[in-house]
Amino acid sequence: MNLHEYQGKQILASHGVRVQRGIVANNAVEAVAAAKELTAETGTEWYVVKAQIHAGGRGKGGGVKLAKNLQQVEEIAGQIIGMDLITPQTPPTGKKVHKVLIAEDVYYPGESETSEFYMSVLLNRGKGRNMIMYSTEGGMDIEEVAEKTPHLIFTEEIDPAVGLQGFQARRIAFNLGLSGNAFKEMVKFVDSLYTAYVQSDSSLFEINPVLKTSDNKILAVDAKVVLDDNALYRQKEYADMRDVREENPIEVEAKEVGLNYVDLDGTVGCMVNGAGLAMATMDLIKYAGFEPANFLDVGGTADAKRVETAFRIILRDPNVKAILINIFGGIVRCDRVAQGVVDAYKNMGDSIKVPIIVRLQGTNADIAKELIDNSGMPILSATLFQEAADQVKNALS
């Protein structure tokens, strides 16, 4: 589950991570009030107005701007709220901005120069360990740094049996070229950041930039936080942070009815039971020369109502030109699935305007094929994987 910057910073701050302070606003009037409150709390005289969407690169699209007085806060907030912000990480049409974060200015003059670093905490799946990735090149796209100057990216792997060790936090601070109070601040920052990551059940923390201020404080200027959906049952206070307006509406609808659905860019819709079979089905579609339009796992039950719901969700995607149903009848009998497909097709009438290919294997697969073939519906049946692939190819040729 993706969070907005201001929500991510709330989690960080609750675990002792120093952050750039800010107040969220839903309109220009609230933005001015937030700026006044921020000045009273921090003494800041300049403000950073930040669009709150689930995408990076906001500054490149005009979603992050500096305001030097309250009038500019009102003007900039009015411009950003309601705009369709286009960044390298949004769809071509952009994402609508519903709120902004009014943040304090942390680039004030002082005894030393400011420095920006990159830091993230994530899981190294290959080694089964959490990892801190960091670089002296903060404020830039980490992909660009990795491509052009890979020697400037460092990693620190954490043994899950013992957790982050003090020497590792000190090594991070050393590799970032820090000394004195800034070194001590970074050690504390890294320790608190990793604690926040573990205790919040997150799958990603990305702080870009981590800032060394002119008075040698270390703080998070930005915060991209992704929570592990599977752990929300024990992080109920974070579950309320979900903003469905930022998510794919089809995926939101599918989740509400208990379907596992991921929207993709292809033309062949998939309806499958079981994640492994779903992945194999997507490979089958690519083998046939096409691209899957979605990942959809209907689970262990596939009655007429559930199949009809899955049909309607798949057909919400205008790019779908055919639907491949691939069900293994283990927990659920194939003939029940076949009857569900036939009943769903009848209930939906003329709303299904694309070819349907059904492959059923397992318990009562022969009876299921007879049901499909004798239904009088324009549904194509298949038994073998290759046969299903050929049916897809013929239907779309």
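Attention in this report is confined to the structure presented alongside it. (Residues numbered from 1 in each chain as written. Predicted model: local features only at pLDDT ≥ 70, side-chain atom pairs only at ≥ 80, totals over all residues. Heavy atoms only, no water.)

1. What to know about the packing of aromatic side chains
Thinking step 1. The tally for this structure, following the rule as stated, stands at 3 aromatic pairs.
Thinking step 2. When the centroid spacing of 5.7 Å and the interplanar angle of 80° are considered together, the rings of Y197 and F205 count as edge-to-face. Here the two residues Y197 and F205 agree in accessibility, since each one is buried.
Thinking step 3. Here a set of aromatic residues connected by ring pairs shows up, and it is made of Y194, Y197 and F205. (Phe/Tyr/Trp six-rings, centres within 6.5 Å; stacked < 30°, edge-to-face > 60°. Buried < 20%, exposed > 50% of the residue type's maximum accessible area, 1.4 Å probe, protein only.)

2. Brief notes about the packing of helix α5 (residues 166-175) against helix α6 (residues 180-199)
Thinking step 1. As a packed pair, α5 and α6 sit with axes 8 Å apart at the nearest point and diverge in direction by 130°. Compared by their axis directions, α5 and α6 come out oblique. Judged by the twist between their axes, the crossing of α5 over α6 is right-handed. Facing α5, whose interface residues are A169, R170, I172, A173 and F174, α6 presents F183, M186, V187 and V190. (Axes fitted to C-alpha atoms, helices over the stretch in contact; angles between N-to-C directions. Helix = DSSP H or I, 4+ residues; strand = E, 2+ residues; numbered from the N terminus. Parallel < 35°, antiparallel > 145°, perpendicular 65-115°, else oblique. Left-handed = near helix turned anticlockwise from the far one by under 90°. Contact = heavy atoms within 4.5 Å.)

3. A short note on the environment of D343
Thinking step 1. Within the secondary structure, D343 is located in helix α11 (residues 334-348).
Thinking step 2. The class of D343 is partly exposed, set by a relative accessible area of 26%.
Thinking step 3. With 38 residues separating them along the chain, D343 and K305 place their C-alpha atoms 8.6 Å apart.

4. Comments concerning the pattern of salt bridges
Thinking step 1. Under the criterion given, the structure shown has 22 salt bridges.
Thinking step 2. Notably, a salt bridge pairs D215 with K217, separated by 3.9 Å at the nearest N-O pair.
Thinking step 3. Among the residues examined, D215 registers a relative accessible area of 28% and is labelled partly exposed.
Thinking step 4. Since its relative accessible area comes to 32%, K217 is described here as partly exposed.
Thinking step 5. Each of E5, K9, K50, R58 and D222 takes part in one network of salt bridges that share partners. (Salt bridge = Lys/Arg side-chain N within 4 Å of Asp/Glu carboxyl O.)

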